[in-house]
Every structure is written in C-alpha cells, then in structure tokens.
Amino acid sequence: MKSNIEYSGSIREMISIALPMVVSNACETVMTFTDRLFLSKLGMPQMSAAMGGGLSVFFITTFFIGMLGYGTALTAQYYGAGEKWKCPKVLTNALIIAVLAYPLLLWCKPLMHTLFIKQGISEGQLYYQLIYFDILLYASILSLARGVFSNFFSGIGKTRVVMIASFSAMFVNVIVSYVLIFGHYGFPQLGMKGAAIGTISGTVFALSVLIFTYFRSSLMKDYSIKDSFTFDFEIIKKLFRFGTPSGIEFFMVLFAFTMVIALFHAQGPVTAAATTIMFNWDHVSFVPLIGVEIGVTSLVGRYVGAGRHDIAEKAVKSGIKLGWMFSAIILFLFIFFPGALSDVFRPDGGSEIYTQARPLSVFMLRIASVYIMLEAVMVVYMGALKGAGDTFWSMIINVSYHWSILALLYVVLNVINAGPEAAWIFVVAVFTLLPFILRFRFNSGKWKSISTV
C-alpha cells in the first residue's frame, strides 16, 4: 500500500478530487447544451440568442464569481494548515459579499440592453436575447450563492457533494426546459422563457442540496459551523486581496471572449449560426476542464497551506495528465466527426441559414482541434497559480493576452476584411501560445514566496 506521501499529489488523489468536479461541470455543460439544442429546433435566432444572453449574464457576474471563487483556494489553504474552523468562516463572509453584489448586478441591466443593440445583431435574435437575459439576471443571486457553497466543499476536498448537486440541477433543468420550451404535458409553450425558467429551477435545486449537506450534524461539529456566522475582517480582506485579481481576470477575459463572439455574429446570421455551433461544442470541451482546474486549485492550495511546495508541483503534473485524458476524446471528435457534431443543431424542417452555415461550422471545429490539448495545460496552470495565491500575475497575463486577440481580430474582420475562416485560423494560432506563457510563470517559482494564510 502506498504511503500518504506517495499518494499526495498523485494522479490518484487528483482524480479523487477533480473527477467529481469534471462530472459536475459536464452536468453544467449538458444543461447549457440541451437548452440551446431545444431552442435550435425553434430556429437559429433563438439558439444564438440563448448563447448571447446567457454569456452576457455570466459576463456581468464574472467579477464576483472570480473573486468569490478564491474561496476554494483560501478554504483549501486553511484546511491544509490545520485550521478547519476557519473554512466555514470563508463561506459566511463570501455570502455577505454576494448579497452586497446583487444590486450592482441589477444596475447593469440597461447598460447591457444598450450594448446588445449596439452589437448589430439581427432583430429576431435581439428580441429573444433580451427576454433570456432579463430573467437570468434577476436570478443571478442564486447562482452566486450556489458558487459560494460549492467553493467550500471543493476547498475541503468533498467534491462529490458538488457533483451530486450539479447532477440534480441538470436533471431538473433538462426536464423543466423540455416541458416549458415546447409546451408538453398540458403546460404552455414558453419557448425562450421556458429555457430561462428551466435554468433557474436547476439552480434552486442544486443550491438546496448544498445547503442541506452543509448543515448536516457531522460537518457542523467537525468545522464548528455554529461559530462561523460572524463578520471576519481578515477573511474579507484576503478575499478582496487575492480574489479581486481573479475577479478582474475572469471579468475581462469573458468580456473579451463575448466581444469575440459578437464580432463573428456581426458578420451576419450565417456566420453567427456557424460560430454558435462551434462555440457550443467548444463549451463542451472546456467546461469539464474547469473541474480539473478546481481540483488543481484545491490540492495546490492545500499543500501550499501545509508548506509542501514539492507536492503542489506534483499535483500540477497530475492535473495535466488528467486533463489530457479528457481532451483526447474531444480531439478525436473534432477531427473526425465535425459534420455529425454540427448536424446535432440542424433545425427541424430544415433551414437555409443552417445549410449555408454548416460548411463553416465544420471548418471551425476542425481548426479548433489544434488547441484542444493545450487548453488542458492552460487551465491546469491557471488553477495552480490561483491555488498558490499568485492571482495578480495570472490576471496580467490572461487579460493582456485575450484583449490582444480581440483587438487583432477586429482588424482582421473589419479592416482587412479577411472573412470568418481566416479570422478563426488567426484566433486559434495566437491562442496556442498562452499555455506556454502560464507554464513559464509557474516554473519561475515566484508563487512559493507568497504568504496567504
């Protein structure tokens, strides 16, 4: 039998922490994917609107998601340092921040409405996008609260709880969306509104699972949860100090990513449909990797808190191996079955827009295969830097890189007028350099001198 030291940071330990998060994020992918799939049967504008509206809600919450997401690393660091009673205090104070953030999110509604209009998307897509965006925005506090509880369980290594909650959310979301989008079993056909209600229903159910588990007697005793319901300035300060760079990074990167999609969507409904299909599948390839990233953040944070930098480095290597295992499957599908992947979104009864968009979506999927394996490396090193508290330089690297891509893409599409095929080749080619830059930062060892607990 392996000793605890041999097991620590190994691929076996990484799988035990990260695999439930991979499954959890796969469930989140299924939720998003099925909503867009159901809506694609109503028409391409509805599918594109779900992507644009959903990403926009996610976008304006990203700063707080990113900042509060540092709760995983901070909880893991306290756990590794043997200060378990501080773990639930991270949750309590993160919830305080989430509640205070909610009015700011609602304040963004008119701003985002104006931005949608300025993007130049078609009137048909705009109508549905406003409906979807507004409903999800009002429910954003539920998503933030769910994230806070998930961060706690990820930080202490109990990721199976998060997996069960996510699976429950997926199950509820798919059923409610199917019934309400199409109007089955005597319910009214709500279309886009039904998709939004389905998403909210899943979130509520997942949050309920997390809260119920959190207040179980065993956790209440082991982590002194009853004593955690207090404002803790030191924890708030750490969440802001180390979480703010993560929040800014998440916000600015997704802003750039959303604008990249908007630039492609502005090229017309055919390019918009092809881009949406490609990014739907890119979402499938990427979101489960976030599970690996969370696993790496949790383990690196734990061993940094325990002062074992050698095991933290071992955990990073294990994370890359696990990420490659998953990415290899996606790589195979993108190379050999892009047509079949595209046809999943073929509207019922046929569509002239889809017929024209299919060749472009197939082309974009094949080109995307170039960065699939490197994407796994990227998320692992981002998770490692976050777990070690090196969030500032991670922010600088990631934000600068994505905004450079956005600026250059604008030139390619609107100044050079190179067309969507050439533009996509450019985006993929430039993106492949980012994982190597993050790897260089981690290997520099600067993170070893950062004090977080």
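Residues numbered from 1 in each chain as written. Predicted model: local features only at pLDDT ≥ 70, side-chain atom pairs only at ≥ 80, totals over all residues. Heavy atoms only, no water.

A. Layout of the overall build of the chain. Secondary structure summary: the chain contains 19 helices and zero strands in total. The dimensions of the chain, computed from C-alpha atoms along their principal axes, are 60 × 50 × 45 Å. Counting only residues that meet the buried cut, the chain has 57% of its 453 residues in that class. Relative to all contacts within the chain whose residues are 6 or more apart in sequence, the contacts with residues 24 or more apart total 83%. Counting only carbon and sulfur atoms, one obtains 68% of the accessible surface of the chain, whose full area is about 18,400 Å². (Helix = DSSP H or I, 4+ residues; strand = E, 2+ residues; numbered from the N terminus. Buried < 20%, exposed > 50% of the residue type's maximum accessible area, 1.4 Å probe, protein only. Contact = heavy atoms within 4.5 Å. Areas by Shrake-Rupley, 256 points an atom, 1.4 Å probe, with all protein chains shown as cover.)

B. Examining the layout of surface pockets more closely. Estimates place the volume of the largest pocket at around 230 Å³. Taken together, 14 residues line the largest pocket, and the ones lying closest to its centre are Phe59, Ile60, Cys108, Leu111 and Phe251. In terms of residue class, the lining of the largest pocket is built from 13 nonpolar, one polar and no charged. Its boundaries defined by the atoms lining it, the second largest pocket holds a volume of some 160 Å³. If you go around the second largest pocket, you meet 13 residues; those closest to its centre are Ser122, Gln125, Gly268, Pro269 and Ala272. Of the residues in the lining of the second largest pocket, the class split is seven nonpolar, six polar and no charged. (1 Å grid on protein atoms, 1.4 Å probe; cavity = no way out; pocket = protein on both sides within 12 Å on 5 of 7 lines; lining within 4 Å. Points joined across faces, edges and corners; volume = space filled by probe spheres on them. Nonpolar A, V, L, I, M, F, W, Y, C, P; charged D, E, K, R; others polar.)

C. Broad picture of the confidence of the model for the chain. The predicted model of the chain has a mean per-residue pLDDT of 85, with 97% of residues at 70 or higher. Taken element by element, the predicted model of the chain shows its lowest mean pLDDT in helix 1 (residues 4-7) (55) and its highest in helix 4 (residues 87-107) (94). (pLDDT = per-residue confidence, 0-100.)

D. Summary view of the packing of aromatic side chains. Here the structure, examined in full by the defined rule, presents 29 aromatic pairs. On the numbers, 6.5 Å between centres and 90° between planes, the contact of Phe153 with Tyr214 is edge-to-face. Placement of the pair is Phe153 in helix 7 (residues 140-155) and Tyr214 in helix 9 (residues 192-214), with a sequence separation of 61 residues. Neither Phe153 nor Tyr214 differs from the other in exposure class; each is buried. Residue placement shows Lys84 over the ring face of Tyr223; its charged tip is 4.8 Å from the ring centre. (Phe/Tyr/Trp six-rings, centres within 6.5 Å; stacked < 30°, edge-to-face > 60°. Lys NZ or Arg CZ within 6 Å of the ring centre and 35° of its normal.)

E. Focus on the packing of helix 12 (residues 269-305) against helix 16 (residues 372-388). With their axes 7 Å apart at the nearest point, helix 12 and helix 16 run at an angle of 30° to one another. Considering the angle they form, helix 12 stands roughly parallel to helix 16. Crossing geometry of helix 12 relative to helix 16 is assigned as right-handed. Residue-level contacts link Asp282, Ser285, Phe286, Leu289, Val292, Glu293, Val296, Thr297, Val300, Gly301 and Val304 of helix 12 to Ile372, Glu375, Ala376, Met378, Val379, Val380, Met382, Gly383, Ala384, Lys386, Gly387 and Ala388 of helix 16. A breakdown of the residues in the contact of helix 12 with helix 16 according to their chemical character gives 14 nonpolar, five polar and four charged. (Axes fitted to C-alpha atoms, helices over the stretch in contact; angles between N-to-C directions. Parallel < 35°, antiparallel > 145°, perpendicular 65-115°, else oblique. Left-handed = near helix turned anticlockwise from the far one by under 90°.)

F. Summary view of the pattern of salt bridges. Using the criterion set out here, one finds nine salt bridges in the structure. Of the charged contacts in the structure, one is a salt bridge between Lys237 and Glu234, with a shortest N-O distance of 3.6 Å. Taken together, the residues Lys237 and Glu234, both in helix 11 (residues 233-265) and three residues apart, mark about one turn of the helix. For Glu234, a relative accessible area of 40% gives the class partly exposed. Between Lys386 and Glu293 there is a salt bridge, with its nearest N and O atoms 3.8 Å apart. Within this pair, whereas Lys386 is found in helix 16, its partner Glu293 is found in helix 12, the two being separated by 93 residues in sequence. One network of salt bridges, in which partners are shared, links Asp343, Arg346 and Arg358. (Salt bridge = Lys/Arg side-chain N within 4 Å of Asp/Glu carboxyl O.)

G. Local environment of unusual backbone geometry. Positive phi, close to 55°, is recorded for Tyr185, a residue that is not glycine. Take Tyr185: it is sitting in the loop between helix 8 (159-182) and helix 9. By relative accessible area, which is 69% here, Tyr185 ends up exposed. Positive phi, close to 50°, is recorded for Ser224, a residue that is not glycine. Mapping Ser224 onto the fold places it in the loop between helix 10 (217-222) and helix 11.

H. Structural detail: the environment of Phe205. Here Phe205 is to be found in helix 9. Here Phe205 falls in the partly exposed class, since its relative accessible area comes to 43%. Put simply, Phe205 and Gly183 are 22 residues apart on the chain and 22 Å apart in space, counted from C-alpha to C-alpha. If we ignore the near neighbours within four places in the chain, the residues touching Phe205 are Ser168 and Val172.

I. Region of interest: the nonpolar core. The biggest cluster of nonpolar side chains holds 142 residues, and the ones touching the most others in it are Phe153, Trp281, Val316 and Trp424. If you tally residues by element for this core, the top one is helix 3 (residues 44-80), at 16 residues. Residues contacting Phe153, with those up to four places away along its chain left out, are Lys158, Thr159, Val161, Val162, Leu210, Thr213, Tyr214 and Leu219. (Core = buried A, V, L, I, M, F, W, Y, C linked by side-chain atoms within 4.5 Å.)

J. Looking closely at the environment of Phe182. Tracing the chain through its elements places Phe182 in helix 8. Between the alpha carbons of Phe182 and Gly301 there is a distance of 45 Å; along the sequence they are 119 residues apart. Every residue in contact with Phe182, bar those within four places of it in the chain, is listed here: Phe38, Lys41, Leu42, Ser177 and Gln189.

K. Representation of helix 8. Given a rise of 1.5 Å per residue, 24 residues ought to cover 34 Å, and the 34 Å separating the end C-alpha atoms of helix 8 matches this to within 8%. Immediately downstream of helix 8, the backbone of Gly183 shows phi near 75°, a positive value. (Expected span 1.5 Å × (residues − 1).)

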